[in-house]
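Chain by chain, the residues run as shown.
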Amino acid sequence: MTEITAEKQARMFAGEDNWTTVAAEEAGIHSIRMSDGPNGLRIEAENKLGFAMSHPATLYPTASLSACSFDRQLQYELGEHLGRESAENGVQVLLGPGVNHKRSPLCGRNFEYYSEDPYLSGELASAYVKGVQDQGVGTSLKHYAGNSREYGRMIQNSIIDERALHEIYLAQFERVVRTSQPWTIMAAYNRLNGKYCCENKELLDLAREKWGFDGLYVSDWGAVPDPAGCLKAGLNLEMPGGEHGSDERILKALEEGSVTIEMLEENTKRLKQLADRTASPKQYEDVSDRLAFAQRAAAESAVLLKNNGVLPLHRNESIALIGPFAKEPRIQGTGSSKVNASEADCLFEAMKEGRLVFSYSHGFTMSPETVNEMLEDQALRLAERCSKVIVIAGLPEGDEAEGYDRKHMRLPENQNHLIRALQQVNRNIIVVLQCGAPVELPWRNNVSGILCMYLAGCRSGKAALDLLTGNVNPCGKLAETWPRHLEDTPCFNTFHKNLLQAQYRESIFTGYRYYSTAGIDTAFPFGYGLSYTTFAYRNLKKEISDDTVKITLEVTNTGTTAGKEIVQLYIGKKDSRIGRPLKELKGFEKILLEPGETKDVTFLLDARSFAYYDTAAKDWLVEAGTYEIGIGASSEDIRLETTVFRNGTTKPYSTISTDYLSAAKDGFTQTAFESVLGHSIEEAKVQRPFTVNTSLTELQEVGLGRLLKGIIDLIRPKLDLPGVTDEMIMEVPVRMALMSSDQITWKTVNTIVDFFNGKASIFRVLKNLNKKK
């Protein structure tokens, strides 16, 4: 890149503004426009950063729902639609998909992520990436890596043992890179085992050197702790951009020798490669019906959790429709993925259009969440005179959002109270759930039907009606376990324990890997979902070679309705010499069967299907011995079983012992976790002196920090910051001031830190506003 000066290349490391990169026309590098998000295009109006300010676009089902489709083709089609809409709006890189592991139901951003299983996440995200990029638009696989909670996400250190890191938290990223080659990967905010992801050279090198990633690394917005350090580690692009002095810091490092001209030139090559890849997006004369696809995607993903013969509905029945969500549905989460939906329906209007006989009652208020006796009495009187009752229940919008986590798994108490009361006057109660993650269902054993819609996008109403009336046969299955109680989750004792540190003590025993192995009952297991028809599994066969195992079986629709079944394959090794889950998903296929029809289903298992990550060999190895293979309709409904013998190592190594889980009856201890890590864990405490990575909460250690907190409390009510909580403000590091104003530079941020460390006056801070040198 000799035609571009070092100064220009240093400037290109950071974006031009909030959403675009710096162009270098002299080298044929055009500016690249990026945009959120995973389930719909979010183009900010006037190039501003603000979740509420975006142009209208199609809102598709969130990943929490679409993952329940277990449908690779559906994900590819979703990618196609998103890629085409991006191209039409001048967007060259779509910032998605999000594949972070669902470690706890409490994570505020779980609605953006696929699953608690890395194989399922990786398979679906691979199809999504192909769908988008086949339109000439890039994707950004995120958030790399170990970003499984919002609490303290910009400052916390995710402590994950090496085996769990590779098997649970990196495996989905690896699968997408090897299968679909995303054009960019987004490095996460958090630290991973002590190092910020954006300057974690070991993490960034892993995807390049081991998996063959040939794209560009971009930071999450505001995640760069030091521009020069991140460039040196392998990050290619700091976002958002602007004239904040990142180039000056890189040029200083170049002068000092910690950054080389070769690093800058390699970085510029990555930017040129992305510009070339996105130079010619496909154009379409006929725009496909995106709304129809959004409806189909929601209907084919929703999960029927319970049906005591109350569904499907019949047109001659009188129906009570209850709950404000029926008219104002929860259809998406809040944060950077929030779409300004160009159109959105609701179940109330869908039922009117469908000419169903029904009456509506509000039943409860969204705020306050206390019982409104008048509304509840009206709902009860309506329920008494109707044959069936549909209650739309769910989480208020403010309960699930980017930037903070839930504190509990409960629905608002007025909703639970209403459902219990309705059970006393009508036994045909159907609950339709609208939420981005599992919730506790204390009344689940006493209602007749439960349909989980998660956050279903712009056609949630019509999709729900299709399912309730049987126009579409439910075929979704849970991509995550629904625990009975929050206390049953494996990381219950540690998830929110410390702002600065997240200890992943449960290691590989997360999600169904934990519940199945520990023998803990759940409300609904991973992979579970009902249909209006039934399926029989039979005639399991196996063909074994040195390299692969081929499993075939027959599945028959034994009911009277056409339907789709998701056939799941799990592998376990009960006599393993190392700690392992009882079973792990290693294959799934979704098939359509007419009544009485039989189809063959085939799985081809390679060495990786049986492998574990060996921390001594630093590689995936197969332990020699016998493996159990189970084929079923869910993780807990195994219909057919067989065993196979595989050659491999006779001396498997893991710091996770066979009794690691059984010894944790009262929770995973730090001492036991340290034995898995192979080292002690340093106490998480406020670091002194303060740095640019110090949060506003940590600054309260000194009087000036407490004064700042008082000022924030004073002016906070006057600020228009929709979706931003006090907690979010106090958890941001000092360097995030760069995103607040064009007047703030890295020089300013460092001077602010000096001020709190007692090394600079407020006059010096003001003097350094908008000064790079």
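Above: the structure in question.
All values derive from a computational prediction rather than experimental measurement. (Residues numbered from 1 in each chain as written. Predicted model: local features only at pLDDT ≥ 70, side-chain atom pairs only at ≥ 80, totals over all residues. Heavy atoms only, no water.)

A. The side chain of Thr-20, seen in detail. Inspection of the secondary structure assignment puts Thr-20 in the loop between α1 (6-12) and β1 (34-35). Owing to a relative accessible area of 11%, Thr-20 belongs among the buried residues under this scheme. Here Asp-17 takes part through its side chain, which lies 2.8 Å from a polar atom of the side chain of Thr-20. Excluding residues that lie within four positions of it along the chain, Thr-20 makes contacts with Gly-15, Ser-31, Ile-32, Arg-33 and Met-239. (Helix = DSSP H or I, 4+ residues; strand = E, 2+ residues; numbered from the N terminus. Buried < 20%, exposed > 50% of the residue type's maximum accessible area, 1.4 Å probe, protein only. Polar contact = N/O pair within 3.5 Å; in protein donor to acceptor, adjacent residues only side chain to side chain. Contact = heavy atoms within 4.5 Å.)

B. Focus on the sheet that holds strand β22 (residues 598-605). Taken in spatial order, the 3 strands line up as β18-β19-β22 in an open sheet, and their pairing is antiparallel. With one partner strand each, in any of the chains shown, β18 (535-544) and β22 form the two edges of the open sheet. Looking at each pair of strands side by side, their axes are set apart by 20° on average, direction ignored. Bridge count for strand β19 (residues 549-557) against β22 is 8 bridges, and the pairing is antiparallel. Within the sheet, the bridge partner assigned to Val-549 lies in β22 and is Leu-605. (Pairing = 2+ DSSP bridges. Axes fitted to C-alpha atoms, helices over the stretch in contact; angles between N-to-C directions.)

C. Fine view of helix α11 (residues 290-299). Across the 10 residues of α11, 8 count as buried, placing the element largely inside the fold. For α11, the full list of buried residues reads Arg-290, Leu-291, Phe-293, Ala-294, Gln-295, Ala-297, Ala-298 and Ala-299. Next to the buried residues of α11 lie α2 (63-66), α3 (72-88) and α15 (460-469). Its side-chain oxygen at 3.2 Å from the backbone nitrogen of Leu-291, Asp-289 defines the N-terminal cap of α11.

D. Geometry of the environment of Asp-226. Take Asp-226: it is sitting in the loop between β9 (216-219) and α8 (227-233). Of the residues examined, Asp-226 reaches a relative accessible area of 22% and is grouped as partly exposed. Between the alpha carbons of Asp-226 and His-55 there is a distance of 33 Å; along the sequence they are 171 residues apart. Non-local contacts of Asp-226, meaning those with residues more than four positions away in its chain, are made with Glu-199, Arg-249 and Trp-746. Reaching out from Asp-226, the side chain makes a polar contact with the side chain of Arg-249 at a distance of 3.1 Å.

E. Inspection of the pattern of salt bridges at higher detail. Evaluated as defined, the whole model comprises 46 salt bridges. Glu-112 is the salt-bridge partner of Arg-109, the closest N and O atoms lying 2.5 Å from each other. The class of Arg-109 is buried, set by a relative accessible area of 2%. A cluster of three or more residues bridged by salt bridges with shared partners is formed by Arg-109, Glu-112, Glu-150, Arg-153 and Glu-402. (Salt bridge = Lys/Arg side-chain N within 4 Å of Asp/Glu carboxyl O.)

F. The environment of Gly-40, seen in detail. Within the secondary structure, Gly-40 sits in the loop between β1 and β2 (56-57). Overall, Gly-40 belongs to the buried group, its relative accessible area being 0%. Taking the C-alpha atoms as reference, Gly-40 lies 30 Å from Leu-206; in sequence the two are 166 residues apart.

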